[in-house]
Amino acid sequence: MYPNDVKYTKDHEWAKKSGNTIAIGVTHHAQEALGDVVYVELPKIGAEVKAGERFGTIESTKAVSDLFSPVTGKVVKVNDDLSGNPQKVNSEPYAGGWIIEVEVGSTAEFDALMDSGTYQKLLSTSK
Amino acid sequence: MAPRQTPLNAAHKQLGGRLVDFAGWEMPVQYSGVIAEHEAVRTAAGIFDVSHMGEVEFKGAGALETANALITNDLAKATDGQAVYAGLLNDQGGFVDDVVAYRFNSEHILICVNASNADKDFGWMTERAKGVKPVNRSAEFAQLAVQGPKAFGIVQKLASKPLDGVATYRFTTGQVAGVECIISRTGYTGEDGFELYCPPKDAEKLWFAVLEAGKGDGLVPAGLGARDSLRTEMKYALYGNDIDDQHTPLEAGLGWIVKMDKGDFVGRAVLEKQKAEGVKRKLVGFELTEAGIPRSHYPILKDGQKVGEVTSGTMGPSVKKAVGIGYVPTALAAEGSVFQVEIRGRPVGARVVKTPFYKR
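From a predicted model like this one, the values you see are computed outputs, not experimental measurements.

### Some words on the sheet that holds strand β8 (residues 108-113) of chain B
Residue and element names in this part refer to chain B.
Inference 1: Judged by pairing direction, the sheet is antiparallel, and its five strands sit side by side in the order β6-β7-β8-β5-β9 without closing on themselves. Only two strands of the sheet have a single neighbouring strand rather than two, namely β6 (82-89) and β9 (135-136).
Inference 2: By the bridge criterion, five bridges tie strand β7 (residues 95-105) to β8 in an arrangement that is antiparallel. By the bridge assignment for β8, N105 is matched with H108.

This is the structure:
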């Protein structure tokens, strides 16, 4: 439920590094807490995002939640598939449910994120 | 203050229900998931705990007249064994609540009220009742709603008598799974089904009997999340969202529950004036013509100006569209009228459509 090949944020998002691009999505815990996801508002390709700032929203049948970027950079890809299949955020949060890819100048912000073990510890203490 | 619990609280926990505070009650918002539960109710059946609802009784000579003078619909025109949907209004014609009034006979009326309003309604009825004194019987009833195309068969299997004669908005009394119930052919989902009123001590027995009897038909326990998306697809008003003390039944498109010819009732004078002059705003159903989901309190815009407000909205699991309900100026209320809904600062196109959004 919390794979080791991605890093985690306190906002319950994950980030996965591939060269100088970082893929971003929400964690298993987040999708479970949200319930059925019905809409994801995505940024435009080319948009600048900043670490800790809102880049989009995710809506479930119950709630609207902001998405916060874990890194600073430029959006190079968005998951258009989510407009027709938002439920992929629930069914495969780390695969088909990815949300955006951001090109970064430095991976320092990514490197500072939590690993799976630390994130799971955070989850268990916040319960 | 800790939220109150219905007699089915332990059952919800046992079934994996996610409990939230709703109108001062700890209620399940979902079990397996809102969309799955919604679809089960549309295609098979679902069972809802609505024990948080309140019940106010009028009993004795003059009961019908007393209750009838408090509500907009006409219990005198109903038959014994009939239920009517009605407004309980303030002197300004605004909703104190929307209610279902059950006519057992002319000397016995039971009014089912919203949980969030139960104490307020009872106070209001007590203050304004001329004749029989209302009695708050909320603590003596649990209520289970069994809804969906398979609901009739499931309840019938457990019932002590045939229910074919109990048409929509009719009710009877009898045993279901050995539990003494008011068996009412009513609901809040747009599907066929029953609402079963029973003593709180028997609620668990009834709940699990229905679950068991409905298993083969695909019946599932359903929470407030599905209840909300189901009723929104039907444009059924939710008190506190779509109707409140600032809006009249005529503005809410509920003119059919107002019977002006029945004699006086609380709020009548204002409605008479509104009827003569025409209403300035109307509650409409709309769908978005661009991506997004409307939510309550989002502004409704025309030519960049705020002209109204969304009162309910959802991504309709059955209609597969983002649909909403909201008040707009009467000039924008006709089917096909267009406006924008402001979603987090972004104007998104919307069009008034025919309701209910969902048709069986």
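Having seen the model, we can carry on.
### Examining the interface of chain A and chain B
Inference 1: Counting from both sides, the interface comprises 15 residues of chain A and, opposite them, 15 residues of chain B.
Inference 2: With both chains or domains summed, chain A and chain B bury close to 1200 Å², and 47% of this area falls on carbon and sulfur atoms.
Inference 3: Taken together, the connections running from chain A to chain B amount to four salt bridges.
Inference 4: A salt bridge links R344 of chain B to E59 of chain A; the shortest N-O distance between them is 3.1 Å.
Inference 5: Taken together, the connections running from chain A to chain B amount to ten residue pairs in polar contact (both at pLDDT 80 or more).
Inference 6: Within the residue set of the side of chain A that touches chain B, elements represented by two or more residues are α1 (28-34), β4 (37-41) and β6 (54-60) of chain A.
Inference 7: With four residues, the top contributor of residues to the side of chain A that touches chain B is β6 of chain A.

### Examining the nonpolar core
Residue and element names in this part refer to chain B.
Inference 1: In this structure, F95, Y102 and I243 are the most contacted members of the largest nonpolar core, which totals 42 residues.
Inference 2: Contributions of two or more residues to this core are made by β6, β7, β8, α7 (224-233) and β18 (321-329).
Inference 3: At four residues, the largest contribution of residues to this core is made by β7.
Inference 4: When neighbours within four sequence positions are excluded, Y102 is seen to be in contact with Q82, A83, H108, I109, L110, C112, F171, S184, T186, E195 and Y197.
Inference 5: With 31 residues, the next largest nonpolar core counts V166, L196, L206 and L219 among its residues.

Parameters and conventions
- Residues numbered from 1 in each chain as written.
- Chains lettered and ligands numbered in written order.
- Predicted model: local features only at pLDDT ≥ 70, side-chain atom pairs only at ≥ 80, totals over all residues.
- Heavy atoms only, no water.
- Pairing = 2+ DSSP bridges.
- Helix = DSSP H or I, 4+ residues; strand = E, 2+ residues; numbered from the N terminus.
- Contact = heavy atoms within 4.5 Å.
- Buried area = accessible area lost by both parts, 1.4 Å probe.
- Salt bridge = Lys/Arg side-chain N within 4 Å of Asp/Glu carboxyl O.
- Polar contact = N/O pair within 3.5 Å; in protein donor to acceptor, adjacent residues only side chain to side chain.
- Core = buried A, V, L, I, M, F, W, Y, C linked by side-chain atoms within 4.5 Å.
- Buried < 20%, exposed > 50% of the residue type's maximum accessible area, 1.4 Å probe, protein only.

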